[in-house]
Amino acid sequence: MSRAGLTGHAAALLTIFLWGTTFISTKVLLTGLRPVEVLFLRFALGFVALCLLYPRRLRLAGRRQELWFAAAGLCGVTLYFLLENIALTCTLASNVGVLVSVSPMLTALLSHFLLRRERLRPLFFAGLAVALAGVAMVSYNGAAVLELNPGGDLLALLAAAAWSAYSLLTRKLSAFGYPVVQTTRRTFAWGLLFLLPVLPVLGFRPGLGTLTEPVYLLNLLYLGLGASALCFVTWGFAVGRLGAVRTSAYIYLVPVVTLVTSALVLGEPVTPLSLGGAVLTVAGLALSEWEPRKEGSKGGVE
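It should be emphasised that the depicted structure is a prediction, and the values quoted were computed from it without experimental measurement. (Residues numbered from 1 in each chain as written. Predicted model: local features only at pLDDT ≥ 70, side-chain atom pairs only at ≥ 80, totals over all residues. Heavy atoms only, no water.)

Caption draft 1: Representation of the overall build of the protein chain. Across its full length, the protein chain carries 13 helices and zero strands. Overall, the protein chain shows an N-to-C arrangement of helices and strands of α-α-α-α-α-α-α-α-α-α-α-α-α. Buried residues in the protein chain amount to 47% of all 302 residues. Of all intrachain contacts in the protein chain linking residues separated by at least 6 positions in sequence, the fraction that spans at least 24 positions is 90%. When the accessible area of the protein chain is evaluated, it comes to approximately 14,600 Å², of which 69% is carbon and sulfur surface. (Helix = DSSP H or I, 4+ residues; strand = E, 2+ residues; numbered from the N terminus. Buried < 20%, exposed > 50% of the residue type's maximum accessible area, 1.4 Å probe, protein only. Contact = heavy atoms within 4.5 Å. Areas by Shrake-Rupley, 256 points an atom, 1.4 Å probe, with all protein chains shown as cover.)

Caption draft 2: Summary view of the packing of aromatic side chains. Inspection of every chain in the model, using the stated rule, returns 16 aromatic pairs. Note on Trp163 and Phe232: the rings are 5.9 Å apart at their centroids and 85 degrees apart in plane angle, and the pair reads as edge-to-face. In this pair, Trp163 is assigned in helix H7 (residues 150–174) and Phe232 in helix H10 (residues 214–242), connecting sequence segments 69 residues apart. Accessibility classification places Trp163 together with Phe232 in one group, the buried group. With 5.0 Å between their ring centres and 80 degrees between their planes, Phe188 and Phe232 make a pair best called edge-to-face. One end of the pair, Phe188, is in helix H8 (residues 180–195); the other, Phe232, is in helix H10, with 44 residues separating them in the sequence. (Phe/Tyr/Trp six-rings, centres within 6.5 Å; stacked < 30°, edge-to-face > 60°.)

Caption draft 3: Layout of the nonpolar core. Formed by 58 residues in total, the largest nonpolar core has its most connected members in Ile16, Trp19, Phe43, Trp163, Phe232 and Trp235. Those elements that provide at least two residues to this core are helix H1 (3–29), helix H2 (35–53), helix H3 (64–90), H7, H8, H10 and helix H12 (254–266). With twelve residues, H10 is the single largest residue contributor to this core. Leaving out residues up to four positions away in the same chain, Ile16 has contacts with Trp235, Tyr250, Ile251, Leu253, Val254 and Val257. Counting seven residues, the second largest nonpolar core, distinct from the first, contains Phe124, Leu128, Val135 and Tyr252. (Core = buried A, V, L, I, M, F, W, Y, C linked by side-chain atoms within 4.5 Å.)

Caption draft 4: Spatial organisation of the environment of Thr15. Here Thr15 lies in helix H1. Accessibility expressed as a relative area gives 0% for Thr15, which makes it buried. For the pair Thr15 and Leu230, spaced 215 residues apart in the sequence, the C-alpha separation amounts to 8.0 Å. If we ignore the near neighbours within four places in the chain, the residues touching Thr15 are Cys231, Thr234 and Trp235. From its side chain, Thr15 meets the backbone oxygen of Ala11 in a polar contact 2.7 Å long. (Polar contact = N/O pair within 3.5 Å; in protein donor to acceptor, adjacent residues only side chain to side chain.)

Caption draft 5: Looking closely at the side chain of Thr170. Considering the arrangement of structural elements, one finds Thr170 in helix H7. Given a relative accessible area of 5%, Thr170 falls into the buried group.

Caption draft 6: Expanded view of H10. Bending of H10 peaks at approximately 35 degrees at the position of Cys231. One or two positions beyond H10, positive phi appears at Gly243, with a value near 100 degrees. (Bend = angle between axes of the 7 residues up to and from the residue.)

Caption draft 7: Examining the pattern of salt bridges more closely. Under the definition given, this model contains two salt bridges. Glu37 is the salt-bridge partner of Arg34, the closest N and O atoms lying 3.0 Å from each other. Glu37 sits in the buried class, given a relative accessible area of 2%. (Salt bridge = Lys/Arg side-chain N within 4 Å of Asp/Glu carboxyl O.)

Caption draft 8: Quick look at a nonpolar patch on the surface. Together, Leu217, Leu218, Leu221 and Leu225 give the surface a local cluster of nonpolar side chains, amounting to about 330 Å² of exposed area. Position of Leu221 relative to the elements: it lies in helix H10. Using a relative accessible area of 31% as the deciding quantity, one classes Leu221 as partly exposed. (Patch = residues over 30% accessible without salt bridge, like charges linked within 9 Å, V, L, I, M, F, W, Y side chains within 5 Å.)

Structural data, given as structure tokens:
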């Protein structure tokens, strides 16, 4: 594997580790804040952090490129997180976890049929099926029955589609050749801009007293600086090195990270079913990544 491939996989793993721990911070914040308040504040903090980290203004080579940044902000920030948060209020969290995890499959299909650049291999789909089975075991662990809520489940599927579109758009943005921090910052700006019209509708009224409490402040800083600013930068870097489809497959590891961290931090039980699901998830990811190479072919990434 090339050096670019190794750094791409390392960036993807770091992103997934941080994202997998965000459910704990979000769970704490939602005891005192509304979903839209958590969403807007975390990305506002992330935007400010990126401005301080790399204050140079991004000058685009052409006006049409702005449309790609706007689309990325709409899909990856506004639509994905809004749809996911609203879905959590309409259906079971386990349903949302499983349905959102179909985004790698959607990314592969969109990339193949719309961009005509990703080759769909049988092993890739076999790996995704195994990983999805593992995600289901982790998510439905301990549930007596599978409860369906059509409205919320549909929103979760739409969130998965929005993230798939964002993954493809990130590949397009990386081709422009701009620094990843500047690219992420501009994407955040558009995502926040698209959020502004819906803030009054969804009840954006964060109390200053709540925000100054250490437990809320520290978790909000973690979400804004780590899970938003840093993760979007590393995700964009990984997509640029590995491609949208290969990077998206790492999303299957999120429930595994959440399982481990929730057991360590929140003391939630780990059962044989959840452990088996974690093993299947990792095995499925490895299978989807494995591709037999003909003798004499070169290694590396796309």
